[in-house]
Amino acid sequence: MGKVAIVTGGSRGIGAEISRELARKGIQVIANYNKSEGCAKDIKSELEKESIDLDIFQADVSKRDDVKKLVGYAQEKYGKIDILVNNAGISEYKLFTDETDEDWNRVLNTNLYSAYAMSQEVVPGMVHNKSGCIINISSIWGLVGGSLEVLYSVSKAGLDGLTKALAKELGPSNIRVNSIAPGMIDTQMNANLSVQDLEHIKEEIPLGNIGKPKDIARCVNWLVEDEYTTGQIISINGGWVIT
Ligand code: NAP
């Protein structure tokens, strides 16, 4: 059996491109989706035309029971999980004083708890195999903070903390844990931005354009191949944020 990967939120946007990239290099991918069953089926059929198998599985990864079902399914069917990409996430654009506890729970559970729970379910198998690669998709806002995106920034900074601490704890078991912190990437997540907003942002980006999901998927591909990078936050942002 070759390598097996779970990509959370793997049927749309950045996650879909990560699923394609890994599946095309011969990895058995289980692309998780929550609400977008149609998108998951579309990408499965797209890859089927190239004679590539993509497994899809519905789970709300902000909930422990669903996380257990997803990981249990993958383990039972394929016997192991070599790669975990914690990509599922939601944005929240609100004045700090308007945020509610419900908002906190929704954003933090989807963006941060999901990665914590997924990693906790997957790590014992990786420790047993003395091999693993966990990639958390965080954000530049976790590095520098985003105005009107406090909860999102908190969740992504938390994800980077999880990355660093887990990398230290799991390094001796040959499990690498890294974050990719994208800048502005062209997906549905930014569909609320006007053409003027996007032009303004492009002017602030040294490389002069908005990123594509492929830019993130390529880095995932590289991290999967690599053997000596762990605990790092790799920001792919066209130079928009340089820390
Ligand atoms: P997107 O197009 O809105 O896709 C979000 C994905 O997350 C969807 O596949 C969605 O699945 C999944 N998801 C959301 N809640 C979920 C849940 N509870 N359980 C399982 N899956 C869930 O956004 P994107 O731009 O591809 O974002 C992917 C990741 O990159 C996110 O973590 C985001 O924060 C991060 N990021 C994006 C940008 C950007 O500019 N686009 C920048 C920095 C970081 P369903 O549709 O099936 O619900």
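Everything below is about the structure shown above.
Basis of the calculations
Residues numbered from 1 in each chain as written. Predicted model: local features only at pLDDT ≥ 70, side-chain atom pairs only at ≥ 80, totals over all residues. Heavy atoms only, no water. Helix = DSSP H or I, 4+ residues; strand = E, 2+ residues; numbered from the N terminus. Rg over C-alpha atoms; globule rule 2.2 N^0.38 Å. Buried < 20%, exposed > 50% of the residue type's maximum accessible area, 1.4 Å probe, protein only. Contact = heavy atoms within 4.5 Å. Areas by Shrake-Rupley, 256 points an atom, 1.4 Å probe, with all protein chains shown as cover. Lys, Arg positive; Asp, Glu negative; His and termini not counted. Charge placed at Lys NZ, Arg CZ, Asp CG, Glu CD. Axes fitted to C-alpha atoms, helices over the stretch in contact; angles between N-to-C directions. Parallel < 35°, antiparallel > 145°, perpendicular 65-115°, else oblique. Left-handed = near helix turned anticlockwise from the far one by under 90°. Nonpolar A, V, L, I, M, F, W, Y, C, P; charged D, E, K, R; others polar. Near = heavy atom within 4 Å. Polar contact = N/O pair within 3.5 Å; in protein donor to acceptor, adjacent residues only side chain to side chain. Core = buried A, V, L, I, M, F, W, Y, C linked by side-chain atoms within 4.5 Å. Expected span 1.5 Å × (residues − 1). Bend = angle between axes of the 7 residues up to and from the residue. Pairing = 2+ DSSP bridges.

A. The overall build of the protein, seen in detail. A tally of regular secondary structure across the protein gives 8 helices and 7 strands. Here the protein has a C-alpha radius of gyration of 17 Å; the compact-globule value for 243 residues is 18 Å, and the two agree. Counting only residues that meet the buried cut, the protein has 51% of its 243 residues in that class. Contacts spanning at least 24 positions in sequence make up 74% of the contacts within the protein whose residues lie at least 6 apart. Only carbon and sulfur atoms are counted for the fraction: they give 51% of the accessible area of the protein, which is about 11700 Å². Measuring between centres, the 26 positive side-chain charges of the protein sit 5 Å from its 33 negative side-chain charges.

B. Up close: the packing of helix H4 (residues 101–129) against helix H6 (residues 150–170). Between H4 and H6, whose axes approach to 9 Å, the crossing angle comes to 15°. The orientation of H4 with respect to H6, classified from their angle, is roughly parallel. By crossing handedness, the relation of H4 to H6 is classed as right-handed. Mapping the contact onto sequence places Asp103, Trp104, Val107, Leu108, Asn111, Leu112, Ala115, Tyr116, Ser119, Val123 and Val127 in H4 and Leu151, Tyr152, Val154, Ser155, Lys156, Gly158, Leu159, Leu162, Leu166 and Leu170 in H6. For the contact of H4 with H6, the per-class residue count stands at 15 nonpolar, 4 polar and 2 charged.

C. Main features of the environment of Leu143. Tracing the chain through its elements places Leu143 in helix H5 (residues 140–144). A C-alpha to C-alpha distance of 29 Å links Leu143 and Pro124, two positions 19 residues apart in sequence. Each residue touching Leu143, except ones within four places of it in the same chain, is listed here: Asp160, Ala181, Ile233 and Ser235.

D. Structural context of the site of the ligand. Surrounding the ligand, one finds 30 residues, the nearest of these being Ser36, Asp60, Asn87, Tyr152 and Thr187. Here an oxygen atom of the ligand and a backbone polar atom of Lys35 are 2.9 Å apart. Side-chain polar atom of Asn190 to an oxygen atom of the ligand: 2.9 Å apart, as the coordinates give it. Notes on the ligand: free accessible area 890 Å², of which the protein chains cover 95%. Contributions of two or more residues to the shell around the ligand are made by helix H1 (13–24), strand S2 (28–33) and H6. Of the residues assigned to the shell around the ligand, the class counts are 12 nonpolar, 14 polar and 4 charged.

E. Broad picture of the nonpolar core. In this structure, Ile18, Leu22, Val85, Ile135 and Val220 are the most contacted members of the largest nonpolar core, which totals 30 residues. Sorting the residues of this core by element identifies strand S1 (4–7), H1, S2, helix H2 (37–48), strand S3 (54–58), strand S4 (83–86), strand S5 (132–137) and helix H8 (213–225) as the ones contributing at least two each. The element contributing the most residues to this core is H8, with 6 residues. Discounting residues that sit within four places of it in the chain, Leu22 has contacts with Ala5, Val7, Ile27, Val29, Val85, Val220 and Val224. Counting 28 residues, the second-largest nonpolar core is a separate cluster that includes Ile30, Val71, Ile81 and Met118.

F. Structural context of H4. With 29 residues, H4 extends 40 Å between its outermost C-alpha atoms, agreeing within 8% with the 42 Å of an ideal straight helix rising 1.5 Å per residue. At Asn109, H4 shows its largest kink, close to 50°. Backbone geometry just downstream of H4 places Lys130 in the positive-phi region, at approximately 50°.

G. Looking closely at the sheet that holds S4. Taken in spatial order, the 7 strands of this open sheet run S3-S2-S1-S4-S5-S6-S7, and their pairing is parallel. Each edge of the open sheet is held by one strand with a lone partner, namely S3 and strand S7 (233–236). The mean inter-strand angle of the sheet, taken between neighbouring strand axes irrespective of direction, is 20°. Relative to S3, S2 is paired through 5 bridges, and the arrangement is parallel.

H. H1, seen in detail. Given a rise of 1.5 Å per residue, 12 residues ought to cover 16 Å, and the 17 Å separating the end C-alpha atoms of H1 matches this to within 8%. Counting buried positions along H1 yields 10 of 12 residues, so the element is predominantly enclosed. Turning to H1, its buried residues are Ile14, Gly15, Ala16, Glu17, Ile18, Ser19, Arg20, Glu21, Leu22 and Ala23. Backbone geometry just downstream of H1 places Gly26 in the positive-phi region, at approximately 95°.

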